[in-house]
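# Examining the three-dimensional arrangement
Letter by letter, the chains look like this.
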Amino acid sequence: MRRISFLSPGAHQKSTTVGASQGGTRGAANCVLGPPARAFLLRQPPPNRIPAACDARPCLVYGFFFGGQAAPFWAGSAVDKDAKRLSFDFCAGKGLLLSCRDCDFCSAGKGFWADVPDEQWNDWRWQLRHRLTSLEEIDGRLKLTDSERRGILLASSRKLALAITPYFFTLLAPEDPDCPVRRQVIPRAEELLRAPYEMSDPCGEDKDMVAPGLVHRYPDRVLFLVTDRCASYCRYCTRSRIVSGVGEQHLSVDIEQALAYLWEHREVRDVLLSGGDPLLLSDVRLRELLGRLREIPHIEIVRIGTRVPIFLPQRVTPDLCGLLREFHPLWINIHANHAAELTAEVRDALGRLADAGIPLGNQSVLLRGVNDSADAVRDLVHKLVRARVRPYYLYQCDLIEGTDHLRVPIEEGIRIMRRLRGYTTGFAVPQYVVDGPGGGGKIPLNPEYLIGEEGGQILLRNFLGKEYRYPSCRPLQRNPGNTPHPAS
Ligand code: SF4
C-alpha cells in the first residue's frame, strides 16, 4: 500500500491510501504521488472503452508503474453531469494517473448551491448578491480554526471587508485551513498584528493623487482608481485602506476632474484602470468611461487591472467582450496566484477575452502558503499560458498592515526565480518585482546573471550556474590600424 495525495479544486491536500492495483477506480484530477518506479506515456484507449459519461476526449496521460511491473492502462476523462466534477477512470491496474494535459481545468461545480438553477448560478449579479460576507454564512460550510473565526469577526470589520462569491467559495477546501485558495480570502487573527515596517499606504499612492482617484507618478502613465469594490476581497490587498469600505480611508472618485486632468496633460499616453475592480462597473458605465478616455487623442492605450475573471468569471459575458473590443488597443492584466484558481469557467472566460483580441497578462503576489515554491509558481504559469495568458509580474507582497503571516522573504523569491529561468518557456517566466516602499515604483528583482566586468569582457552566469564571457563591444577606434571590415 502507498499513500498518495490528490489535488483538485476544493481539496488541495487530500490524501488517500491506495493499493498497487487501481482497476476501474475513479479518482479526482491532478493527482500527485510519491517517487515513481517508472514513468511512461499512456496509450490512447480503444473507442469502446470510453466511459458512457465521458463528454471530453480521452486524455493523453503520463502515468506510473509501481514495482517496475509493466501493464497497459488508460484513462478517460469524464464529467459527472450532476456534480459537474471532473473525474477519471483508472483502468487495468498497476498504475496511477499523474496529470492530464487536457482535463485539469476542472470545474468545482456548485458545491453548497447545487439546487440553484444554472441560469442564476451563471448570472454575475446573482453571484454578487449571494456573496458570503459573515461568520454565520461561512461557519458550517468551512471547518474554521480559532484564528480564522477571530479574523472573520474582527479583521473584516476593521481592516478589509469579507466577501467571497459562491463560485470562488467552491474552490476552498472545507477541512483544510492551509488550502492555498482559502488562505487568500479567509481572514485570520494575524491580520490584527502590525509589523514595525508595515504601512497603510505602502506604495505611497496618496501623495501622488492629482485628482480624486487619479494617481500620476510615472512620467507617461496614470493609475485611475474607478471604484473601491471588488467581487471578493484579498486579505493582502495593497489598497486595504480604501477598498471595500471598512478601512481607514474612503475612496472618492471624481471622473470629471480626472478626465479634465488627462485632457490637460498631454504627456500621459497610458491609462491603467484599477480600483477596486473596474469590471464590476456596469456595461453602461464602462462604455461611457472608455469612450470618454478614447476621445482624448494623446491617450494611446488603456489597461484594465482586474481579478473578476478569477473571482467572478460569469461577469465575462459576450456582451462585455463585445464592448471591450470597441476600445482597442486595450490590455488586461488578471490576478491569479495559484493553479487551482484556473478552473474550466476561468479558462472559458479568458478565452472569450482573448478572442476579443485583448492581450492578457497575469500579475501574481508571492504569498506564504499559497505559491511560495518553484513548483507552485511553475504549475501556475504553465496553466496560465495554456489559458492564453502571459505571466507578467510576480509581486513581492507590499508592506501593507496585517500581512506579515503571508509575506515571503525576498531571498526566497529570488531562489524561486532561479528555479524558473531556463527551466521553462522564457515568456512563461514572470518578472519578479518589489514596489519601492513609500512610493519608489516597481523595482525588478533578478538572480545574479551578470557577475561583472574583467579585462574588457562581461562575466555572465547562465541558469545552470556556468560562467561565460562576452566581449564588452565598445565602438572601434576609427584609425588606419583598426578599420572595421565592411559588411559582406
Ligand atoms: S481584487 Fe485587487 S483591489 Fe480587490 S481586494 Fe484583491 S488585490 Fe485588492
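Below, the structure is looked at part by part. (Residues numbered from 1 in each chain as written. Predicted model: local features only at pLDDT ≥ 70, side-chain atom pairs only at ≥ 80, totals over all residues. Heavy atoms only, no water.)

Counting its regular elements, the protein contains 13 helices and 22 strands. Put simply, the protein has 488 residues, and 51% of those count as buried. Across the protein, contacts joining residues at least 24 apart in sequence account for 72% of those joining residues at least 6 apart. Just so you have it, the protein exposes about 22500 Å², and 52% of that area is on carbon and sulfur atoms. (Helix = DSSP H or I, 4+ residues; strand = E, 2+ residues; numbered from the N terminus. Buried < 20%, exposed > 50% of the residue type's maximum accessible area, 1.4 Å probe, protein only. Contact = heavy atoms within 4.5 Å. Areas by Shrake-Rupley, 256 points an atom, 1.4 Å probe, with all protein chains shown as cover.)

What follows is about the environment of Arg 158. Along the chain, the position of Arg 158 falls in helix H4 (residues 146–158). Considered as a pair, Arg 158 and Val 246 are 88 residues apart in the sequence and their alpha carbons are 6.0 Å apart. Discounting residues that sit within four places of it in the chain, Arg 158 has contacts with Leu 192, Val 246 and Gly 247.

Below, the discussion takes up the packing of helix H7 (residues 255–264) against helix H8 (residues 283–294). Two numbers describe how H7 lies on H8: the axes approach to 10 Å, and their chain directions differ by 20°. On the basis of their axis angle, the class for H7 and H8 is roughly parallel. Judged by the sense of rotation from one axis to the other, the crossing of H7 with H8 is right-handed. Facing Ile 255, Glu 256, Leu 259 and Leu 262 of H7, the residues of H8 in contact are Leu 289, Arg 292 and Leu 293. Within the contact of H7 with H8, the residues separate by chemical class into 5 nonpolar, no polar and 2 charged. (Axes fitted to C-alpha atoms, helices over the stretch in contact; angles between N-to-C directions. Parallel < 35°, antiparallel > 145°, perpendicular 65-115°, else oblique. Left-handed = near helix turned anticlockwise from the far one by under 90°. Nonpolar A, V, L, I, M, F, W, Y, C, P; charged D, E, K, R; others polar.)

Pairing in this open sheet of 3 strands is antiparallel, and the strands run E20-E21-E22 from one edge to the other. Since the sheet does not close on itself, it has two edges, and those belong to strand E20 (450–454) and strand E22 (467–471), each with one partner. Neighbour-to-neighbour, the strand axes of the sheet open up by a mean angle of 25°, direction not taken into account. (Pairing = 2+ DSSP bridges.)

Turning to the pairing of strand E19 (residues 441–444), a few remarks are in order. Examined bridge by bridge, strand E18 (residues 431–436) and E19 share 4 bridges and lie antiparallel to one another. Note that in E19 the partner of Val 434 across the bridge is Ile 443.

Burial in H7 covers these residues: Ala 258, Leu 259, Tyr 261 and Leu 262. In an axial view of H7, the angular spread of the buried residues amounts to 155°, which keeps them on one side of the axis. In this fold, the buried residues of H7 make contact with strand E10 (209–211), strand E11 (214–215), strand E12 (221–225), strand E13 (270–274) and H8. Near the N-terminus of H7, the side chain that reaches the backbone nitrogen of Glu 256, with its oxygen 3.2 Å away, is that of Asp 254. (Arc of directions from axis to C-beta. Polar contact = N/O pair within 3.5 Å; in protein donor to acceptor, adjacent residues only side chain to side chain.)

A few words now on the nonpolar core. Core analysis: the biggest nonpolar cluster contains 87 residues, and Ile 138, Phe 168, Leu 262, Leu 273 and Leu 324 have the highest contact counts within it. Considering each element in turn, this core owes the most residues, 5 residues, to helix H11 (residues 344–355). Taken together, domain 2 (111–192) and domain 3 (206–444) each give at least three residues to this core, which thus spans both. Residues contacting Phe 168, with those up to four places away along its chain left out, are Val 181, Val 185, Ile 310, Phe 311 and Glu 341. Listed in part, the 15 residues of the second largest apolar core include Val 377, Val 381, Leu 394 and Ala 428. (Core = buried A, V, L, I, M, F, W, Y, C linked by side-chain atoms within 4.5 Å. Domains from an automatic or database assignment.)

Time to look at the side chain of Thr 403. Counting through the fold element by element, Thr 403 comes out in the loop between strand E17 (390–396) and helix H13 (410–418). Using a relative accessible area of 0% as the deciding quantity, one classes Thr 403 as buried. Side chain to side chain, Thr 403 and Arg 407 meet in a polar contact 2.5 Å long. In contact with Thr 403, other than residues within four places in its own chain, are Lys 159, Glu 198, Arg 235, Tyr 236, Cys 397 and Asp 398.

Take the sheet that holds E19 next. Within the open sheet, the 10 strands sit side by side as E10-E11-E12-E13-E14-E15-E16-E17-E18-E19. Their pairing is mixed. A single partner strand is all that each edge strand has here, and the edge strands are E10 and E19. In this fold H13 packs onto strand E16 (360–366), E17 and E18, with an angle of close to 160° to the strand it touches most, E18.

Let us look at unusual backbone geometry. Between Gly 275 and Gly 276 the backbone carries a cis peptide bond, its omega angle lying at 15°. By the secondary structure assignment, Gly 276 is in the loop between E13 and H8. The residue after His 328, namely Pro 329, is reached through a cis peptide bond having omega 0°. One non-glycine residue, Ser 244, lies in the positive phi region at around 90°. At Arg 388, a position not held by glycine, the phi torsion is positive, near 75°. The topology assignment puts Arg 388 in the loop between helix H12 (374–386) and E17. For Arg 388, a relative accessible area of 45% corresponds to the partly exposed category.

So, on to the pattern of salt bridges. In this structure the tally under the stated criterion is 31 salt bridges. Measuring nitrogen to oxygen at the nearest pair gives 3.2 Å for the salt bridge that ties Lys 159 to Glu 191. Of the two residues, Lys 159 is situated in the loop between H4 and helix H5 (166–169) and Glu 191 in the loop between helix H6 (182–185) and E10; the sequence distance between them amounts to 32 residues. For the salt bridge of Asp 208 with Arg 217, the shortest nitrogen-to-oxygen distance reads 2.9 Å. Taking relative accessible area as the criterion, Asp 208 reaches 18% and is therefore assigned buried. A single network of salt bridges, built from pairs that share partners, joins Asp 201, Glu 205, Asp 206, Arg 239 and Arg 241. (Salt bridge = Lys/Arg side-chain N within 4 Å of Asp/Glu carboxyl O.)

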